[in-house]
Amino acid sequence: MLSRFLFNFFSSFVILMFIFIFQTIWLFIDDFAGKGLDLVIIGKFFFYMMPNLTEKVLPLTVLLSSILTFGTFAENYEFAAMKASGISLQRSMLSLVVFMVILGGVTFYFANSVIPASEQKIYNMRRNIAKVKPAVAIAEGVFSDFEGADMNIKVEKKFGENDRFLENVIIHKKTKTSVNNTVIKAETGELKSNENSDILQLVLKDGHYYENVVKKKSEEKRKYPFAQAEFETYVMNIDLSEFNNVDLEEDLNTTTDKMKNVSRLIKDIDSLEENNLRIVQSFSKSISNRVGAFVPLQPVDTNLHKSRAKNSVDTLTLSKMEEIPKKINDSMYSIDIVGLFENWQKVQLINSAKNNASNILTSVQGKKKELQKRYEIYNRHILSLHKKYALALSCIILFFVGAPLGAIIRKGGIGLPMVIAIMLFLVYYFIGVFADNYSKKNEIHPILGAWLSTMIMLPLSIWLTKRATADKGLMNFASILDRVKDFFKKKTSKPSTS
């Protein structure tokens, strides 16, 4: 049984990996087409993609191979011969269970070591491939970053030969400190280049030019000077020498949650949690201070005010100051703080309160977006950590789904087992996708998002194993039909009360 299972397992793995690689080619065809890349570079890219595809291929392979193996055994009545010899289903599955436990350990090693390394390689290669031909790297509707040229460019539409004609062009030119100091807008544009030249010429027509003028003196900086001009034709020369000398396998220091192993993820999760709490606490304290909330009221020392008034003001001022504590105490009960001021002061007070409330609301809304992004990164790290363990356990659980299911349906071959395996895998996969998206947006806990699809398959595996052990079918439709008939018989046999 083990040898037949291994044959089905490895043959299914190779076929499914081949199918998923072809799917990957269609997904990344835009990154390779028309860029003159060497076949060795393209081959390396797909070689680095193979460990990443293992997350999808391996669970489906386990499910399919277990259904094929046990379906063939049941179809050929080999399980009946085993039971007649006194060999139970659990005993026949023992060697396969040991293999699946070992496979789960190997899967965890892949998820912890090999997949993060391949993610790093893929990220760097895609980033460097985009530099080979910057004209192709200009996407419609979004800002494309030209690192070597220190500029961002956004176009609404590209058309013509090699997409060299542009519409509604917006360019942000950066300074040495990576500050967007110049903005150029044009209705149309055209890219001109020569294969033997390192200069890309961008011809802009009918546009505007804005530039912040940087002054050295602080007094002149306060005036916020800027330059503005209109043009019919504006020519920009972009140096592509850095783009044409790109090392496609250059490693950058950028790391994401998928590029980290378990120890690094645990460490970063703790640091991200501490940083997020520190930012929330400092921001809430700042807002509280700006609003003046939770500030205890200090009792008014009337004797001190009287003594100061006697030494510095006349008796009229003294009588007015004696009325202040009384007004304050009365206002604490009537909540009429504005009534303590003159009419012209009331207008200033209300306008000041409106401005302060508007500024605070703007600050809260801006900080809310920042915190949402920070907590999304935090949730991604937790999700990546638990998905490494969930992937290893899912292989074992899906085996206990496929093996008893194959013994129950008693059908080998590629037809029905393949259909059932794909249906179960799609349920497992799409539940995982939806759970991932919800957990990243903090709508469900990321731990639940990582384990949800595996935990749904767990009771199914237990139920199928019990039915296969008891030699029962998938569903006993006869017993269900009998119960329905008995229900209607009891209902019609009740005496009518008239």
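Quick summary incoming for the structure in this document. Bear in mind the structure is a predicted one, so any value in this text is a computation, not a measurement.

**A word on the overall build of the protein**
Each helix and strand counted, the protein has 16 helices and 6 strands in total. By the burial criterion, 33% of the 498 residues in the protein qualify as buried. Summarising the internal contacts of the protein: among those between residues at least 6 apart in sequence, 67% fall at separations of at least 24. Accessible surface, the protein as shown: approximately 31,400 Å² in total, 58% of it carbon and sulfur.

**So, helix 13 (residues 343-409)**
The largest bend in helix 13 comes to about 30°, at Ser394. In the stretch just after helix 13, Arg410 is the one whose phi turns positive, near 55°.

**Observations concerning the nonpolar core**
Membership of the largest hydrophobic core comes to 33 residues, with the highest contact counts inside it found for Phe45, Leu53 and Leu63. Within the residue set of this core, elements represented by two or more residues are helix 1 (2-27), helix 3 (39-75), helix 6 (94-129), helix 13, helix 14 (415-440) and helix 15 (446-469). Ignoring any residue separated from it by four or fewer positions in sequence, one finds Leu53 in contact with Met17, Phe20, Ile21 and Thr24. Among the nonpolar cores identified, the runner-up in size contains 17 residues, and Met151, Ile153, Leu166 and Phe231 belong to it.

**Observations regarding unusual backbone geometry**
Non-glycine residue Asn168 carries a positive phi angle of around 50°. Within the secondary structure layout, Asn168 lies in strand 3 (residues 165-174). Residue classification places Asn168 among the partly exposed positions, given a relative accessible area of 37%. For Asn442, which is not a glycine, the phi torsion comes out positive at approximately 65°. Mapped onto the elements of the fold, Asn442 is located in the loop between helix 14 and helix 15.

**Section: the packing of aromatic side chains**
When we look at a pair of aromatic rings, we describe it by the centre distance and by the angle of the planes. Following the criterion strictly, the structure yields 17 aromatic pairs and no others. Both rings, one in Phe70 and one in Phe399, keep their centres 6.2 Å apart while their planes meet at 70°; by these two values the pair is edge-to-face. One end of the pair, Phe70, is in helix 3; the other, Phe399, is in helix 13, and 329 residues separate them in sequence. Each member of the pair Phe70 and Phe399 is classed as buried.

**Focus on the packing of helix 10 (residues 262-291) against helix 13**
Two elements in contact, helix 10 and helix 13, have axes whose closest approach is 10 Å; the angle formed by their N-to-C orientations is 165°. Compared by their axis directions, helix 10 and helix 13 come out roughly antiparallel. Taken as a pair, helix 10 and helix 13 cross one another with a handedness that is left-handed. Looking at the contact of helix 10 with helix 13 residue by residue, the classes come out as 20 nonpolar, 5 polar and 6 charged.

What counts, and where the lines are drawn
Residues numbered from 1 in each chain as written. Predicted model: local features only at pLDDT ≥ 70, side-chain atom pairs only at ≥ 80, totals over all residues. Heavy atoms only, no water. Helix = DSSP H or I, 4+ residues; strand = E, 2+ residues; numbered from the N terminus. Buried < 20%, exposed > 50% of the residue type's maximum accessible area, 1.4 Å probe, protein only. Contact = heavy atoms within 4.5 Å. Areas by Shrake-Rupley, 256 points an atom, 1.4 Å probe, with all protein chains shown as cover. Bend = angle between axes of the 7 residues up to and from the residue. Core = buried A, V, L, I, M, F, W, Y, C linked by side-chain atoms within 4.5 Å. Phe/Tyr/Trp six-rings, centres within 6.5 Å; stacked < 30°, edge-to-face > 60°. Axes fitted to C-alpha atoms, helices over the stretch in contact; angles between N-to-C directions. Parallel < 35°, antiparallel > 145°, perpendicular 65-115°, else oblique. Left-handed = near helix turned anticlockwise from the far one by under 90°. Nonpolar A, V, L, I, M, F, W, Y, C, P; charged D, E, K, R; others polar.

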